[in-house]
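Working through the structure, step by step
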Amino acid sequence: MDMKNMLKKYATLAVKKGVNLQKDQVLLVNSPIECVDFSRAIAEVAYKEGAKEVVVHYSDQSLQKLKLEYASMDTLKETPNWIAESYNSYAKQGCAVISISASDPDAYKNIPMDKIAAFQKSRQLALKEYYDYSMSNKIRWTVVSVPTEAWALKVFKNSNSEEAVSKLWDVIFNVVRLNSDDPIEAWNEHNNNISKNLNFLNSNKLKKLHYKNSIGTDLTIELPEDHIWLGGSEKCAAGIEFNANMPTEEVYTLPKKTGINGTVVSSKPLSYGGNLIDDFSLTFKDGKVIDFTAKEGFETLKNY
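Being a predicted model, the structure only gives us computed values, none of them experimental.

Quick notes on the overall build of the protein chain
- For the protein chain, the helix and strand inventory stands at 11 helices and 14 strands.
- A compact globule built from 304 residues should have a C-alpha radius of gyration of about 19 Å, and the protein chain, at 21 Å, falls within 12% of that.
- Expressed as lengths along the three principal axes of its C-alpha atoms, the size of the protein chain is roughly 55 × 55 × 45 Å.
- Taking all 304 residues of the protein chain together, the buried fraction comes to 41%.
- Counted over contacts in the protein chain with a minimum sequence separation of 6, partners at least 24 positions apart contribute 70%.
- By element, 50% of the accessible surface of the protein chain is carried by carbon and sulfur atoms, the whole surface being about 17400 Å².
- Across the protein chain, the mean location of the 37 positive side-chain charges is 4 Å away from that of the 39 negative side-chain charges.

Here it is in structure tokens:
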């Protein structure tokens, strides 16, 4: 199948199984500018499914880096009212949200962390209503990924740009089950399997988890009484099912605040605030981080 058809198939999955878009509903799309083709594919599918309107907010990491590099701290601490009003007003209207996660892991390398933190904090506060609607499932949302050249080259370091992007597309198509004859049915089956795991975990009322591996992780996590395991599909406040992350393989719960002890060592790099943190560890005592290491991105981890 050619790329145009695969994008349409992927967009259909995001619209119908990700956010489960309803007729006459507004769809808000958050997209890097590199993903314009996929954003347009989403918009076309959404309108055909009866969307009232499709609103796309594009982001540009290169432009944002210039702002972080040259703008004053006072400017970075302010989020324009029109940006906050756009997100918050659509959330209050009950929009659905598709966010395309596709960033350069090193986009803001060498930018002072205090400038990045100031910008992020300002945006979080300005868009608080929007985030509250999302995190409390008052609106349906999903996060999907599309390859970008910078990201692909970070993953497939020995490939040229075209090969790396193609390889990352193959991985994404596979993990979101687009290679299935019927991706939506494949997701129904996947959600059912996760539900079985949730039932097992919830019925056994575990008291603690103990994680160990060959690279140094030895971590004990106590669980509070009456904890609940979640995962897979969710339901919004109106009772409509959606998948917040595509792909998702996780089941998760809440730890006891003071019950985390030991060390966890990373097996994969972490991209945080446009900076890469790699080969790092966190050591906990009674729920607090008391020590940490990082071979790459130590200062970023320290600020975090």
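So much for the structure itself; the text now carries on.
Side note on the pairing of strand β3 (residues 96-101)
- Summarising burial for β3: five of the six residues are buried, a large majority.
- As judged from the four bridges shared by strand β1 (residues 26-32) and β3, these two strands associate in the parallel manner. Paired with N30 across the bridge in β3 is S99.
- Taken together, the five bridges between β3 and strand β4 (residues 141-145) define a ladder with parallel strand orientation. Its bridge partner being in β4, S99 is matched across the sheet by V143.

Concerning the nonpolar core
- Of all hydrophobic cores here, the largest spans 36 residues; its most connected members are Y10, L27, F38, I42 and I100.
- Listing elements by their share of this core, those giving two or more residues are α1 (3-18), β1, α2 (36-48), β3 and α9 (161-175).
- Of the residues forming this core, the biggest block, seven residues, is contributed by α1.
- Discounting residues that sit within four places of it in the chain, F38 has contacts with L7, Y10, A11, I100, V144 and V146.
- Core analysis: the next-biggest nonpolar cluster, separate from the first, contains 17 residues, C95, L127, F242 and A244 among them.

Observations regarding the environment of I260
- One can find I260 in strand β11 (residues 260-265).
- Sequence separation between I260 and L209 is 51 residues, and the spatial gap between their C-alpha atoms is 9.6 Å.

Brief notes about α2
- With 13 residues, α2 extends 18 Å between its outermost C-alpha atoms, agreeing within 8% with the 18 Å of an ideal straight helix rising 1.5 Å per residue.
- Just beyond α2, the residue with positive phi is G50, at close to 100°.

A short note on the pattern of salt bridges
- Tallying each qualifying case throughout the model produces seven salt bridges.
- E129 serves as the salt-bridge partner of K92, at 3.9 Å between the closest nitrogen and oxygen. Here K92, found in helix α5 (residues 81-92), pairs with E129, found in helix α7 (residues 128-135); they are 37 residues apart in sequence, far enough to count as distant.
- We note a salt bridge from K154 to D106, for which the minimum N-O separation is 2.5 Å. In this pair, K154 sits in helix α8 (residues 149-155) while D106 sits in the loop between β3 and α6 (113-126), placing the two residues 48 residues apart along the sequence.
- On the accessibility criterion, D106 (18% relative accessible area) is buried.

A word on the packing of aromatic side chains
- For the structure on display, the rule yields eight aromatic pairs.
- Ring geometry for Y272 against Y304: centres 4.0 Å apart, planes inclined by 20°, an arrangement best described as stacked. Separated by 32 residues along the polypeptide, Y272 in strand β12 (residues 270-272) and Y304 in the segment after α11 (298-303) bring together distant segments of the chain.
- Of the residues examined, Y272 reaches a relative accessible area of 22% and is grouped as partly exposed.
- Residue Y304 is classed as exposed on the basis of its relative accessible area, which comes to 57%.
- A centroid spacing of 5.2 Å and a plane angle of 25° characterise the contact between F292 and F298, whose relative ring orientation is stacked.
- Exposure remark for F292: the relative accessible area of 24% places this residue in the partly exposed category.
- We classify F298 as partly exposed; its relative accessible area is 35%.
- Among the aromatic residues, those joined into a cluster by ring pairs are Y10, F38, W169 and F173.

Re a negative patch on the surface
- Taken together, the side chains of D181, D182, E185 and E189 present a region of like negative charge at the surface.
- Along the chain, E189 falls in helix α10 (residues 183-204).

Quick look at the sheet that holds β3
- Taken in spatial order, the four strands of this open sheet run β2-β1-β3-β4, and their pairing is parallel. Lying at the two open borders of the sheet, with one neighbouring strand each, are β2 (53-59) and β4. Going across the sheet, the axis of each strand differs from the next one's by a mean of 15°, ignoring polarity.
- α2 rests against β1, β2, β3 and β4 of the sheet, and its axis sits at about 165° to β2.

Let's talk about α1
- Taken together, the buried positions of α1 are M6, L7, Y10, A11, L13, A14, V15, K17 and G18.
- Looking one or two residues past α1, N20 carries a phi angle of roughly 55°, positive in sign.

Digging into the pairing of strand β5 (residues 208-212)
- Relative to strand β6 (residues 218-222), β5 is paired through five bridges, and the arrangement is antiparallel. Within β6, the position partnered with L209 by the bridge is I221.
- The turn linking β5 back onto β6 is made up of five residues, and G216 within it adopts a positive phi angle of 120°.

Here is what the cut-offs are and how they apply
- Residues numbered from 1 in each chain as written.
- Predicted model: local features only at pLDDT ≥ 70, side-chain atom pairs only at ≥ 80, totals over all residues.
- Heavy atoms only, no water.
- Helix = DSSP H or I, 4+ residues; strand = E, 2+ residues; numbered from the N terminus.
- Rg over C-alpha atoms; globule rule 2.2 N^0.38 Å.
- Buried < 20%, exposed > 50% of the residue type's maximum accessible area, 1.4 Å probe, protein only.
- Contact = heavy atoms within 4.5 Å.
- Areas by Shrake-Rupley, 256 points an atom, 1.4 Å probe, with all protein chains shown as cover.
- Lys, Arg positive; Asp, Glu negative; His and termini not counted.
- Charge placed at Lys NZ, Arg CZ, Asp CG, Glu CD.
- Pairing = 2+ DSSP bridges.
- Core = buried A, V, L, I, M, F, W, Y, C linked by side-chain atoms within 4.5 Å.
- Expected span 1.5 Å × (residues − 1).
- Salt bridge = Lys/Arg side-chain N within 4 Å of Asp/Glu carboxyl O.
- Phe/Tyr/Trp six-rings, centres within 6.5 Å; stacked < 30°, edge-to-face > 60°.
- Patch = residues over 30% accessible without salt bridge, like charges linked within 9 Å, V, L, I, M, F, W, Y side chains within 5 Å.
- Axes fitted to C-alpha atoms, helices over the stretch in contact; angles between N-to-C directions.

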